[in-house]
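Reading the structure
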Amino acid sequence: MEDSPESPPGQYAARIGLVLFAVYSAFYAGFVVLGAVAPGAMEATPVAGLNVAVLYGFGLIVAAFVLAVVYGWLAGHAGERDEQGGPAG
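Residue numbers here run from 1 along each chain, matching the order of that chain's written sequence. Whole-chain, interface and lining totals are the exception, using all residues; otherwise, since this is a predicted model, local features are given only for residues with pLDDT of at least 70 and side-chain atom pairs are given and counted only at 80 or more. Side-chain numbers come from the whole structure's heavy atoms, not from hydrogens or water.

**Regarding the overall build of the chain**
Short version of the rule: The helix and strand labels rest on DSSP assignments: H or I over at least four residues marks a helix, E over at least two residues marks a strand, and numbering proceeds from the N terminus. Only protein chains enter the accessibility calculation, which uses a 1.4 Å probe; a residue whose area is less than 20% of its type maximum is buried, one above 50% is exposed, and one in between is partly exposed. By definition, residues are in contact when any of their heavy atoms lie within 4.5 Å. Here the Shrake-Rupley method, with its probe set to 1.4 Å, supplies the accessible areas, and only the displayed protein chains count as covering residues.
Counting its regular elements, the chain contains three helices and zero strands. Mapped in sequence order, the helices and strands of the chain form the string α-α-α. Taking all 89 residues of the chain together, the buried fraction comes to 16%. A separation threshold of at least 6 residues defines the contact pool for the chain, and within that pool the share at least 24 residues apart is 54%. When the accessible area of the chain is evaluated, it comes to approximately 5900 Å², of which 70% is carbon and sulfur surface.

**Considerations on the packing of aromatic side chains**
To keep things clear, this is the line we draw: Stacked, tilted and edge-to-face are the three classes applied to pairs of Phe, Tyr and Trp rings, where Trp contributes its six-membered ring and a pair requires centres within 6.5 Å; stacked means planes under 30 degrees apart, edge-to-face means over 60, and tilted covers the rest.
According to the stated counting rule, one finds three aromatic pairs in the structure shown. When the centroid spacing of 5.2 Å and the interplanar angle of 65 degrees are considered together, the rings of Phe31 and Tyr56 count as edge-to-face. Separated by 25 residues along the polypeptide, Phe31 in helix H1 (residues 9-37) and Tyr56 in helix H3 (residues 52-84) bring together distant segments of the chain. Overall, Phe31 belongs to the partly exposed group, its relative accessible area being 21%. Aromatic rings pair up to connect Phe27, Tyr28, Phe31 and Tyr56 into one cluster.

**Notes on the environment of Phe27**
Mapped onto the secondary structure, Phe27 falls in helix H1. By relative accessible area, Phe27 is classed as partly exposed at 32%. For the pair Phe27 and Tyr56, spaced 29 residues apart in sequence, the C-alpha to C-alpha distance is 9.4 Å. Not counting chain neighbours up to four residues away, the residues in contact with Phe27 comprise Tyr56, Gly59, Leu60 and Ala63.

**Things to note about the environment of Leu20**
Along the chain, Leu20 turns up in helix H1. According to the relative accessible area criterion, Leu20 is buried, its value standing at 15%. Each C-alpha atom, one on Leu20 and one on Tyr71, is 7.5 Å from the other, the two residues being 51 residues apart in sequence. Setting aside residues up to four positions removed in sequence, Leu20 forms contacts with Leu67, Val70 and Tyr71.

**Re unusual backbone geometry**
Working note: non-glycine residues mostly have negative phi, and peptide bonds are mostly trans. The backbone of Ala48 sits at a positive phi, close to 50 degrees, despite the residue not being glycine. Structurally, the position occupied by Ala48 is in the loop between helix H2 (39-42) and H3.

Below, the structure is given as structure tokens:
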């Protein structure tokens, strides 16, 4: 059985969570690797005197919020489908 909106909502929500976690982990890994491999690049100030480390850090915070909203929306639709007895839409 494939994971899809027709799968049990808990299974579908778990799969969504794992995918979004992988996306965020890749974004965070980029931050860590950049800091380890090219720390000088983190000191650059491309925007309004803010260095890359600060901008990337704020990007991580915003990305976490956006991914949380996406998860809530997708998982919520799976729950609505379960409550209505059919596919959400």
